[in-house]
Structures are given as structure tokens and as C-alpha cells.
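Examination of the molecular architecture
Each chain, written out:
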Amino acid sequence: MKKEELLNDQEFFKSFKSGEDLTDFFKQMHKRAVEQMLEGELDSHLGYEKHNKSSASNSRNGYSEKKIKTSYGESEIQVPRDREASFSPILVPKRQNMLDGLENVIVSLYAKGMSNSDIEEQIKEVYNFDVSTSTISKITDRVTGDVIAWQNRPLDPVYLIVWMDGIVFKVRENSKVINKAVYLAVGLNREGKKEVLGMWLGKNESASFWMGVLTDLKARGIEDILITATDNLNGFTQTIKNVFPESQTQICVVHQIRNSARYVVWKDKKEFSRDMKQIYDAPTKEAAKAALDDFADRWNNKYPYAVKSWRENWDELTVFFDFPVEIRKIIYTTNLIENLNGKIRKYTKNKLSFPTDDAVMKSVYLAIREATKKWSMPIHNWGLILNQFLTIYEKRVQL
């Protein structure tokens, strides 16, 4: 930028005496931009530009005034008309007075857990005009169509890892408030990016419920999942095998640790946890087995259920030992999906209960959309991890 241009810019901004003056300037610029875009829409509709001659039967027919609500506040704009009244603007549709920018603000506030009345107050405070709670509800209800389209979108043929878990909400049903869970599946695709594959609402987690989820994923295009990471729900591993026979299932070690230590008395917890860590921190499966034997020798008499749980789930708990260290770190726990659940809980914590199934699905979908905005880059060390997967599963990765 030339020095003269910089000085001119500085003088221009000095002409504004307050932040309100600057806001008014941007508001006027936005109003002019909207009006110019509407002129362009009418040019396209009529097939010729303003002031040009045309043999078409339809032509311009002045303007009508319309008040619109935008993220800059309320403005009065001139909407061009045509003689046949066939022009229907896309930017500012007929019988609507709110631009998409403000609607996106409302949807974003709702996604972050604000109630309709809170959003109403926020809009009034920031933009100085009223939007009724019923209007806010209508705007957020339009998301329902997005949820259906998103839930039924086609998926990739192969996912390297799929994590599965659920999060519980209180939902009203038949005049009672009951617990229901939204079950999530998060996949790692061949570009190394995380992707929420879908969400499903159910009352009770069971192997048969997850069978429906896995069948849905397959119907939407998934042909193969190399590794699944799950909790230790009874029958889950066999259910996965029934739908994706070649998939290897890793039970979440963090879940196992929590379940094992749940009933350990306080004075034993430190030593109990230290001994248990020797199992999952071992360098090889053989070393882990030896650590489990040592763990059993010390704690079996006092906490037999913990030792039994490790032995009964041993094969699924130790799948991660079959892989290089970089892959181990991302499959031996469902922390990734639990972190997502934490963000969903953060965005929905103000809603003590939901009036309908659709309401909870809408809120969770919007929370997912907010929580995954930064999921645009491959995971750390992706080049190395991909080469490891190609070495182990060359034909399946390239399906």
C-alpha cells in the first residue's frame, strides 16, 4: 500500500467519532450491498441490465419498501419490482424480513445452549430490535430437515477406525421424563480426518440396538471398518463381527480402568491403580499378560471382580498391542468421542430436559456442528500413521 493511500485511510477512520458512527457506516454499506444484489437478481430474472433496452414483455416497475433485520440491525431497503410480479428475490424472499446472516446467529446461539427467551434478549440487546420466541423457534425448527439429510448422507466405503459411545439426556415421553441416550459413531477416514458418521436415539444400550446402527452405516455405503473402539457392552464385539466380519474390536481401556476401580476402597486406590497401569503400559502383549498375573496375585482375594473383568475381556482389551505405538495411542481409548460428548454436554447443559425426541436430536446435531468446526485438518502424525495402516491393511485401505 502506498504512503498516500495509508494516510487517506487513517484520515477516513478518524472521521468516525465513536463506535456507533462506525457501526452506522457499515449498516449503510450493508444496505447498499443488499440493494445492489437485488438489482442483480432482477437483471438475471428479466434477462437484461438496468437502463438497457429489451424486447421482452416484462420490465422493471419501480420499487417497494421493505424493513429487514440483519446482523447490523434493522434497515429499510428498496426492493425492485417487475410488471408481471413474477420476480421472487432469493436474497430477501417474499414474506420474510430476516437475512440468513441473522438466522445463522440465532442458530449458533441455540446450538451453544441458549434458550429461546435468552436469544430474544440477546438479539434485542445487540441489534436493538425484537425477534419473538416463536420466530426463533421456527428458525431453529428448520434445522430438522438438515438433521434428516445429514443422517442419511452417503458415507465413504472404508473407515480406518470407528469409535462408538452414547450420551444420556432426559426427554419427556407420555407425560413422564425418562432417560434416553443419543448414540454416536465417529470415524477416521482415509484422509486422516475425524467425521461424525451419525447419531441415533434409543432408550437402552444393547447389542441389538447397535446392530441397527451398524446396519444403517453399511446401508449408507460403508463396506469395511478396520478397527472399532467401544465400551465393553456384552455381545458388542460379536454384533460388530456380524455386520463387518473383518473388523477388529478394541474395548476402551479407560472404561476398563474406571470399572475396575469403581468399588476399590480409598486407601487402596493409589496402589491398585499403579499396579493396573503396569498392564496397559506394558510394551508387548506378553509383558501385559505377566503384569496381569502379578496384579491378580496381589488383588484377587480383595477385588476378584476386577481381575475377572480383565481376564474375561482380555482379547478385546489388548488388540492395540498388535499395532505400532502411534496407532495404539488413538485406538486404546474412546477419549476422542468422550471429548465430543463433553462438548455436547457443555452446549446442552442449560436444557434440563427436552420436550420431544426431535428436540433432543436437533440440539445434539447443532452441538455437534459447533463442536466439530475445527475438524478440518488430519490428525497429528497422519503421514506416518497412514503408512503404518497401508503396511498392515494395504488392500483394505485402498478399497
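Structure: above.
Here we summarise the structure given alongside this text. Quick caveat, the model's predicted, so the values are computed rather than measured. (Residues numbered from 1 in each chain as written. Predicted model: local features only at pLDDT ≥ 70, side-chain atom pairs only at ≥ 80, totals over all residues. Heavy atoms only, no water.)

With that out of the way, let us pick up the overall build of the protein chain. From N to C terminus, the protein chain includes 17 helices and seven strands. Looking at the protein chain residue by residue over its 399 residues, the buried ones come to 44%. Considering only residue pairs separated by 6 or more positions, the protein chain has 64% of its internal contacts joining residues 24 or more positions apart. (Helix = DSSP H or I, 4+ residues; strand = E, 2+ residues; numbered from the N terminus. Buried < 20%, exposed > 50% of the residue type's maximum accessible area, 1.4 Å probe, protein only. Contact = heavy atoms within 4.5 Å.)

As a further point, take the packing of aromatic side chains. Throughout the structure, instances matching the rule amount to 16 aromatic pairs. Look at phenylalanine 169 and phenylalanine 354: their rings are 5.8 Å apart centre to centre, the planes differ by 85°, and that puts the pair in the edge-to-face class. Taken together, the residues phenylalanine 169 in strand E3 (residues 158-173) and phenylalanine 354 in the loop between helix H15 (335-348) and helix H16 (357-371) connect sequence positions 185 residues apart. There is no split in this pair, since phenylalanine 169 and phenylalanine 354 are both buried. Counting every residue linked through ring pairs, the aromatic cluster contains Tyr263, Phe272, Phe295, Trp299, Tyr303 and Tyr305. A cation sits over an aromatic face here: lysine 218 above phenylalanine 244, 5.6 Å from the ring centre. (Phe/Tyr/Trp six-rings, centres within 6.5 Å; stacked < 30°, edge-to-face > 60°. Lys NZ or Arg CZ within 6 Å of the ring centre and 35° of its normal.)

For helix H11 (residues 285-299), built from 15 residues, the straight-helix expectation of 21 Å at 1.5 Å per residue is met to within 8% by its first-to-last C-alpha distance of 21 Å. The set of residues buried in H11 consists of Ala288, Ala291, Leu292, Phe295, Ala296 and Trp299. Looking down the long axis of H11, one finds its buried residues gathered within 145° of arc, a one-sided arrangement. Exposed side of H11, more than 90 degrees from the buried face: Glu286, Asp294 and Asp297 are the residues found there. Close packing links the buried residues of H11 with helix H10 (266-280), helix H12 (304-312) and helix H13 (314-317). (Expected span 1.5 Å × (residues − 1). Arc of directions from axis to C-beta.)

When you line up the elements, alanine 291 lands in helix H11. You can call alanine 291 buried: its relative accessible area is 13%. Counting along the chain gives 15 residues from alanine 291 to methionine 276, while the straight-line C-alpha distance between them is 8.0 Å. Dropping the residues within four chain positions of it, alanine 291 is found in contact with Gln278 and Ile279.

Our focus in this paragraph is the side chain of lysine 362. Tracing the backbone through its elements, the reader meets lysine 362 in helix H16. A relative accessible area of 7% means that lysine 362 is categorised as buried. Those residues in contact with lysine 362 that lie beyond four places of it in its chain are Tyr110, Thr140, Asp141, Val143 and Val147.

Further remarks concern H12. Those residues of H12 that fall on the buried side of the exposure criterion are Ala306, Val307, Ser309 and Trp310. Down the axis, H12 shows its buried residues gathered within 160° of arc, on one side only. Facing away from the buried side of H12 by more than 90 degrees, the exposed set consists of Lys308 and Glu312. The elements touched by buried residues of H12 are helix H9 (253-261), H10, H11 and H13.

Turning our eyes to something else, we now look at a positive patch on the surface. A cluster of like positive charges, contributed by Lys343, Lys346, Lys349 and Lys374, occupies part of the molecular surface. Residue placement: lysine 374 occurs in the loop between H16 and helix H17 (382-397). Among the residues examined, lysine 374 registers a relative accessible area of 77% and is labelled exposed. (Patch = residues over 30% accessible without salt bridge, like charges linked within 9 Å, V, L, I, M, F, W, Y side chains within 5 Å. Areas by Shrake-Rupley, 256 points an atom, 1.4 Å probe, with all protein chains shown as cover. Salt bridge = Lys/Arg side-chain N within 4 Å of Asp/Glu carboxyl O. Lys, Arg positive; Asp, Glu negative; His and termini not counted. Charge placed at Lys NZ, Arg CZ, Asp CG, Glu CD.)

As enumerated under the stated definition, the model contains 19 salt bridges in all. A salt bridge links glutamate 195 to arginine 153; its shortest N-O distance comes to 3.3 Å. Residue glutamate 195 is found in strand E5 (residues 194-202), and its partner arginine 153 is found in the loop between helix H6 (143-151) and E3; the two are separated by 42 residues along the sequence. The closest approach of N and O atoms between arginine 396 and aspartate 224, which form a salt bridge, is 2.7 Å. Here the residue arginine 396 occupies a position in helix H17, and aspartate 224 occupies one in strand E6 (residues 224-230), the gap between them amounting to 172 residues. Neither arginine 396 nor aspartate 224 differs from the other in exposure class; each is buried. Each of the salt bridges in this network shares a partner with another, and the network as a whole consists of Glu173, Lys180, Lys203 and Asp357.

Our next topic: the pairing of strand E4 (residues 176-188). Across 13 bridges, E3 lies against E4 in antiparallel orientation. Its bridge partner being in E4, methionine 164 is matched across the sheet by alanine 185. Following E3, the chain reverses through two residues before pairing antiparallel with E4; asparagine 174 in that reversal takes a positive phi of roughly 50°. Note: E4 against E5, eight bridges, orientation antiparallel. Residue valine 182 lies in a different strand from E5, and its bridge partner there is leucine 201. Joining the antiparallel neighbours E4 and E5 is a turn of five residues, in which glycine 192 adopts a positive phi near 80°. (Pairing = 2+ DSSP bridges.)

Taking strand neighbours across the sheet as the criterion, the five strands line up as E5-E4-E3-E6-E7 in an open arrangement whose pairing is mixed. Among the strands making up the open sheet, the edge pair consists of E5 and strand E7 (248-251). Taking the axes of each pair of neighbouring strands and ignoring which way they run, one obtains an average angle of 25° across the sheet. The sheet strands contacting H16 are E3, E4 and E5, and the helix crosses E5 at an angle near 165°. (Axes fitted to C-alpha atoms, helices over the stretch in contact; angles between N-to-C directions.)

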